[in-house]
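As a plain string of letters, each chain reads:
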Amino acid sequence: MKPELEACIDNLESLHLAVEGGADRIELCSSLALGGLTPSFGFMKKAAQLSSIPVYAMIRPRQGDFIFDAEDIECMLEDIEAASIAGLTGVVLGVIKSDGSLDMNTLEKLTQKAKSLNLGMTLHRAIDVSPDYKLALEQAIQLGFERVLTSGLAPTAESGIEVLGDMVKLAKGRIDIMAGAGVNAENASLLLQSSKVNALHLSGKTTRNSLMNRTSEAKMGNQDIDDYLIPVTSSEKIRAVKTVILNHN
């Protein structure tokens, strides 16, 4: 079976572009610039209606670390239910303790909720801050995750390629290892050949110009962000990685 290609997106325009480029699955987020946060219910519902491929919603209530308090967890449980009501295929989540290890008690609650709603589950890059990725991988399997999104504990998947390969060996087919962070058409073949990962994950981002005829000096958020450049997925970048996958033996 050929490795899968997952595209992470944060708007409906990008959904169409990712599917056009040949993505096999969508990770649905808001605020990709912050690493991806929970999408709105309306976004989830519309994505489920429009997508011809499986859609997994990011369940992450805020930016920053993956240590969440009781109120955050209540919100995450509600968001998991919202993903099910919206008609999505699965959820993407992760919770850790202050030492970077997986918070098994909390994850048990979240994964049980997802499983009760027949949602698939991806453990996101929370594993990349783990002090013991071998233990974390076994715990992910124990919790019933289908796959782990990881850069191999490194800033990029390419620089974490040795750990990615070790994870694949440790998994022994019990869970998929999906490489993410800095994945592109230039390094996709190396990642597949050297690490034998089961899937590649990327945003394939580019920008397009705003449709505004009139510009303003007023800023809607961060002063360093150009409000007249709209981040969208590049179907060409997705297609280029897909081509590498299809040519991979």
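Residues numbered from 1 in each chain as written. Predicted model: local features only at pLDDT ≥ 70, side-chain atom pairs only at ≥ 80, totals over all residues. Heavy atoms only, no water.

Per an unreviewed UniProt entry, the protein chain carries the name PF03932 family protein CutC and comes from Vibrio fortis. According to UniProt, the comment filed for the protein chain under the heading Sequence similarities (unreviewed entry) is "Belongs to the CutC family." (UniProt positions renumbered as here; feature names shortened; annotations may be inferred.)

Engineer: I would appreciate a short explanation of the overall build of the protein chain in the present structure.
Structural biologist: Looking only at helices and strands, one finds eight helices and ten strands in the protein chain. Rg of the C-alpha trace for the protein chain: 18 Å, near the compact-globule value of 18 Å for 249 residues, within the 12% margin. If you line up the protein chain on its principal axes, its C-alpha atoms span 55 × 45 × 35 Å. Here the protein chain holds 249 residues, and the buried ones make up 49% of them. Counted over contacts in the protein chain with a minimum sequence separation of 6, partners at least 24 positions apart contribute 65%. In the form shown here, the protein chain has an accessible surface area of approximately 11,800 Å², with 51% of it arising from carbon and sulfur atoms. (Helix = DSSP H or I, 4+ residues; strand = E, 2+ residues; numbered from the N terminus. Rg over C-alpha atoms; globule rule 2.2 N^0.38 Å. Buried < 20%, exposed > 50% of the residue type's maximum accessible area, 1.4 Å probe, protein only. Contact = heavy atoms within 4.5 Å. Areas by Shrake-Rupley, 256 points an atom, 1.4 Å probe, with all protein chains shown as cover.)

Engineer: Would you explain helix α2 (residues 41-50) in this entry?
Structural biologist: In an α-helix, one turn spans 3.6 residues; hence positions three or four apart end up facing the same way. Looking only at α2, the buried set comprises F43, M44 and A47. Looking straight down α2, one finds its buried side chains confined to an arc of 100°; they lie on one side. Those residues of α2 hidden inside the fold are in contact with α1 (12-21), β2 (25-28), β3 (55-58) and α3 (70-86). (Arc of directions from axis to C-beta.)

Engineer: I'm lost on the nonpolar core in this one. Help?
Structural biologist: Burial of nonpolar side chains together is a common tendency in soluble globular proteins. Of all hydrophobic cores here, the largest spans 66 residues; its most connected members are I26, L28, V91, F145, I175, I177 and L200. Those residues in contact with V91, other than ones at most four positions away along the chain, are Y56, A57, I59, I80, A83, A114, L119, G120, M121 and T122. (Core = buried A, V, L, I, M, F, W, Y, C linked by side-chain atoms within 4.5 Å.)

Engineer: Is there a simple way to think about the packing of α2 against α3 in this case?
Structural biologist: Any two packed helices are characterised by the angle at which their axes cross and by the distance between the axes. Between α2 and α3, whose axes approach to 8 Å, the crossing angle comes to 30°. Crossing of α2 against α3: the hand is right-handed. Residue-level contacts link F41, M44, K45 and A48 of α2 to D79, A82, A83, I85 and A86 of α3. (Axes fitted to C-alpha atoms, helices over the stretch in contact; angles between N-to-C directions. Left-handed = near helix turned anticlockwise from the far one by under 90°.)

Engineer: Quick question: what am I supposed to make of a negative patch on the surface here?
Structural biologist: There is a patch of like negative charges on the surface, built from D69, E71, E74 and E78. With respect to the secondary-structure elements, E71 resides in helix α3. Among the residues examined, E71 registers a relative accessible area of 63% and is labelled exposed. (Patch = residues over 30% accessible without salt bridge, like charges linked within 9 Å, V, L, I, M, F, W, Y side chains within 5 Å. Salt bridge = Lys/Arg side-chain N within 4 Å of Asp/Glu carboxyl O. Lys, Arg positive; Asp, Glu negative; His and termini not counted. Charge placed at Lys NZ, Arg CZ, Asp CG, Glu CD.)

Engineer: Hey, could you run me through the sheet that holds strand β7 (residues 176-180) in this one?
Structural biologist: Through backbone hydrogen bonds, the strands of a sheet pair up, either in parallel or in antiparallel fashion. Pairing is parallel around the closed barrel formed by eight strands, whose spatial order is β1-β2-β3-β4-β5-β6-β7-β8. Here the strands of the sheet are splayed against their neighbours by 25° on average, with no regard to which way each runs. The pairing of strand β1 (residues 4-9) with strand β8 (residues 199-202) spans four bridges and is classified as parallel. If you follow L5 over to β8, its bridge partner there is L200. The strands touched by α1 within the sheet are β1 and β2, with β1 carrying the most contacts at an inclination of about 165°. (Pairing = 2+ DSSP bridges.)

Engineer: Would you take a moment to explain the environment of D72 for this structure?
Structural biologist: Structurally, the position occupied by D72 is in helix α3. By relative accessible area, which is 19% here, D72 ends up buried. When the C-alpha atoms of D72 and K196 are compared, they prove to be 36 Å apart, with 124 residues separating the residues in sequence. If we ignore the near neighbours within four places in the chain, the residues touching D72 are P61 and R62.

Engineer: Even after reading the chapter, I still don't get the pattern of salt bridges, so can you show me in this structure?
Structural biologist: Pairing of side chains with opposite charge becomes possible as their charged atoms draw close. One pass over the structure, following the stated rule, counts ten salt bridges. We note a salt bridge from R25 to E6, for which the minimum N-O separation is 2.6 Å. Of this pair, R25 sits in strand β2 while E6 sits in strand β1, placing them 19 residues apart in sequence. Assigned by exposure class, R25 and E6 land together as buried. E138 is the salt-bridge partner of R174, the closest N and O atoms lying 2.6 Å from each other. Remark: E138 occurs in helix α5 (residues 133-143) and R174 occurs in the loop between α6 (161-171) and β7; sequence separation between them is 36 residues. Counted as one network, the salt bridges with shared partners bring together E4, E6 and R25.

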